[in-house]
Amino acid sequence: MFDKYNFRVVEKKWRCYWDQHKTYEVPIDVKQDKDPYYVLEMFPYPSGRLHMGHTRNYTIGDVIARYSRAKGKTVLHPIGWDSFGLPAENAAIEQGVQPKKWTYGNIDSMREQFQELGFSFDWSREFASSDPEYYKQEQSIFLRFLEKKLAYQKESVVNWDPAENTVLANEQVIDGKGWRSGVSIERKRLKQWFLKITHFSEELLEALGELKGWPEKVRIMQENWIGKSLGSKVDFPIVGDGEKNSISIFTTRADTLYGASFIAISPSHPIAKEQAKSDTKLAAFVQECKKGGVSEEQLETAEKIGYRINIQVKHPFDPTWKIPVYVANYVLMDYGTGAVFACPAHDQRDLEFAQKYDLPIIPVVQGKDGKTWKPGDVKAYVEEGYLINSHFLNGLSTKEGKRKSIEVLEEKKLGEEQTVYRLRDWGVSRQRYWGCPIPIIYCNACGRVPVPEKDLPVLLPDEVDFSQPGNPLNTHSTWKHVACPECREPALRETDTFDTFFDSSWYFSRFCDPKNNERPFDPKKTEYWMPVDNYIGGIEHAVLHLLYARFFTRAMNMCGYTSLKEPFKNLLTQGMVCHETYKSQNGKWLYPTEVERQKDGKYIKIDDGTPVCVGRSEKMSKSKKNTVDSSAILKTYGADTARLFVMSDSPSDRNFDWSDEGVQGSWRFVNKVWRLSGEILSFLERAVDKDKDELAKFFERKIHKELFNITKAFDDRHFNKAVAGLYTMANNMQGYLQEKSVCKKILKESLKIFLQVCAPFIPHVASELWERCGFGGLVDWEEWPLYNSEFLMSDECKIVIQINGKFRGALDIKKTERKEEILERVMALENIQRLLDGKKLNKIVYVPEKIINLVI
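Along each chain, residue indices are assigned from 1 in the same order as the chain's sequence is written. Owing to the predicted nature of the model, reporting of local features is limited to residues with pLDDT of at least 70; listing and counting of side-chain atom pairs is limited to 80 or more, with chain, interface and lining totals taken over all residues. The side-chain quantities take in all heavy atoms of the structure and omit both hydrogens and water.

## What to know about the overall build of the protein chain
And step 1. The helix count covers DSSP runs of H or I at least four residues long, the strand count covers runs of E at least two residues long, and both are numbered beginning at the N terminus. Of the regular secondary structure elements, the protein chain holds 26 helices and 35 strands.
And step 2. With the C-alpha coordinates aligned to their principal axes, the bounding extent of the protein chain is approximately 110 × 75 × 65 Å.
And step 3. For the protein chain, with 856 residues in total, the buried portion stands at 52%.
And step 4. Whether two residues are in contact is decided by their heavy atoms: any pair within 4.5 Å suffices. Long-range pairs, those at least 24 residues apart, make up 72% of the contacts in the protein chain with a sequence separation of at least 6.
And step 5. Two residue types count as positive, namely Lys and Arg, and two as negative, namely Asp and Glu; His and chain ends fall outside the count. Taken as the charge centre is NZ of Lys, CZ of Arg, CG of Asp or CD of Glu, depending on the residue. Where the 122 positive side-chain charges of the protein chain centre and where its 121 negative ones centre are 3 Å apart. Partly exposed describes any residue whose relative accessible area lies between the buried limit of under 20% and the exposed limit of over 50%, with all areas from a 1.4 Å probe on protein chains only and scaled to the type maximum.

## So, the packing of aromatic side chains
And step 1. Ring pairs shown here join Phe, Tyr and Trp side chains whose ring centres sit within 6.5 Å, with only the six-membered ring taken for Trp; geometry is labelled stacked below 30 degrees between planes, edge-to-face above 60, and tilted in between. Scanning all chains against the criterion turns up 65 aromatic pairs.
And step 2. On the basis of an interplanar angle of 20 degrees and a centroid distance of 4.9 Å, the ring pair of Phe127 and Tyr134 is categorised as stacked.
And step 3. Judged by its relative accessible area of 7%, Phe127 is buried.
And step 4. With a centroid separation of 5.7 Å and an interplanar angle of 80 degrees, the aromatic rings of Tyr507 and Phe511 are classed as edge-to-face. As far as the burial class goes, Tyr507 and Phe511 line up, both buried.
And step 5. A network of ring pairs unites the aromatic residues Phe142, Phe145, Trp193, Phe200, Trp426, Phe498, Phe501, Phe502, Tyr548, Phe551 and Phe552 as a single cluster.

## Re the pattern of salt bridges
Pairing of side chains with opposite charge becomes possible as their charged atoms draw close.
And step 1. The term salt bridge refers to a pairing of a side-chain nitrogen on Lys or Arg with a carboxyl oxygen on Asp or Glu at a separation within 4 Å. Tallied over the entire structure, the rule returns 38 salt bridges.
And step 2. Residue Asp108 is joined to Arg111 by a salt bridge in which the shortest nitrogen-to-oxygen separation is 3.0 Å. In this pair, Asp108 and Arg111 are both assigned in helix H4 (residues 99–116), 3 residues apart and thus about one turn of the helix distant.
And step 3. Classification of Asp108 by relative accessible area gives partly exposed; the value is 44%.
And step 4. Three or more residues joined by partner-sharing salt bridges are found here, namely Asp3, Lys13, Glu768, Glu771 and Arg772.

## Points about the sheet that holds strand E4 (residues 166–168)
And step 1. Whether two strands pair comes down to DSSP finding at least two bridges between them. Ordered by their spatial adjacency, 4 strands build an open sheet running E4-E3-E7-E17, and the pairing between neighbours is antiparallel. Each having just a single partner strand, E4 and strand E17 (426–427) make up the two edges of the open sheet.
And step 2. For strand E3 (residues 151–161) and E4, the ladder comprises 3 bridges, and the chain directions are antiparallel. Across the sheet, residue Trp160 finds its bridge partner in E4, namely Val167.

## Points about helix H17 (residues 544–558)
And step 1. With 15 residues, H17 ought to run about 21 Å at 1.5 Å a step, and its terminal C-alpha atoms sit 21 Å apart, in line with that.
And step 2. Most of H17 sits out of view: 12 of its 15 residues are buried.
And step 3. Just downstream of H17, Gly560 is the residue with a positive phi angle, here 85 degrees. Each residue after the first adds 1.5 Å to the expected span of a helix.

Next up, the structure:
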């Protein structure tokens, strides 16, 4: 028997051992005959504290890494920090600390927390995206993109926060206001740097079909985001312009052109700008439209407003049909042509606009059941059907109508078939200090000049002043002033920095060669390790990060950095960690530590005993106070308990409900593993060995069946089933230990198997028990146990009973039973005795494990 399990002593011992012996480090130059396997969790942001979502995400990756090592793989399992970003600047403003100091202090704190959880990271490859060594290579990549015309600069409409004097991402605009300032957002045209992701639109879309190891829902989300549309460009000639000029639109619904009611153009459209010069009301309207966000979602939910201008266009199919033109707040210049045609009867947005401004609504599509839009309806008819009120298109299906419309448009030279994509080029400029500087210099004489490679990295200044609004790099006394690399005259640096998604779009390649000072990475090393075999992270990254990483890999391929095009072979999107929410009687959110559950199942506030309202389980969030501090769990129960619990209850890709009872259950099991191993070891040391009897064989069969189930669960990434298998195996061993006749050899082999399958989940206690049991070496490097396939076959089967070839019943038998034993059992059956009625058996036909036929 062992002494009582002390997780603090055991976990500290093994963390020190792994660290001192560099157990999980992989040499930079690995022998090419090894079997490489790359496991990676998404780049963590160093916020300073681990939450349970972190614990689950990185435990999933660690379990895969440990299992893969046991399966004979050479595993690369690195860790680093996605360390640029807004929170560091917020801390600088709120706490008066420089972003660099705040960031690296958080990295130190989170590194310690990761190590406490026993993650088998290769810490020798650690880096942060804010390390100059890393962003030097990032700047070099950007310059190569610039050479290949994959990076460019242009004016675009952005979300502008006038209080903070900066651009906000669409996600940072909440209800039309800045997420931090609370000030109404304006649309503003600014020069921005872009990466030409649209160059790969079709390739990114087509290659989704090859990503068999990705969840289907992620592939669908990317497909929708890329948004390939087959449609047509249509020209509407401007009335009174001698048909010299027209307003061009793109539509996927050329079949509904006879339902056209109006044309809507963007406030930034050249025609709107020109008209506004002589129309003060229009100019004021355009200014009003600049308020609010620029994302599709924000435009979709905003009230649709328009201003009719003094221009009409001719219908492309009927030049006598004049159509009004509106400047509308919901049309963006950067999407399509900056103009749309409206068919209100069959588009909800157009219907709302038409009803608001009393414009014609002409139904042109009718379903087979005769349904279509009719006056008084508040919903547009958006189903497929057949065309009506459409002259030469009448009676055609919507699909046929599209084809015919395009034919006629091409004949009239007023349109053509086109393919467009929803995907837009990626704007990477951010008016922020704490990011990778964009390596560009502006010279009055030479224009825009890339920073020479020899002068990289362009370093950020360590000390900046946040007392003024906007980007501190703009107001820094010296940083932006520099000599032009070409003419040596005074020039200015680009003060925008890269979007942090830029940093996280290639870090996985850098991990393959993190110490390279000459180039981003050696292609031989990336091609040895990549693509990443298992990439783990939240589904919230399905579009932005994962799509950018796919683009970046293709762009680097185009620039000669790598032969790879896809960065991730298999993707596991883990679910969120959820917890019940609690509210006091006055409606305030309460932390779980502030409430107590009574015997009757009701909850009260601990401090005053008042009732508490319990809400449904939701994603853990600071705002609702339903978070659980991972450090508190580690202090109370230890890392192995925390790891086991977050893997035990739900499939990895599903949401996981936190419960105190579940944590305590995992704690009890870890202690059971400790106690049971001690009992078995004590038994093996004192007991007399027994032969391998039928009971031992039966027990051995059960262990190998469970080993098969656990192994399959690991391979299928159904880790909750694997955990369930551990519980079953422990119960089987405990039961066998209580038997009077126990085969020590079988029991010892079973204990060895048990500790091996426990190790990926609870590595500290498994390592300690492995050592105490004298199995030799490290459980980490022990080859995964092989199940005996013979034991997987059932020792029982069902045999059919016949009399003169007719079915008369069935009997469950053991495969080891002899024919005579089976016949004796059959003859003892009541219904068989009745049917035979004393008749003599002439013959017995026996097909082993299948049929016994009694011939009378």
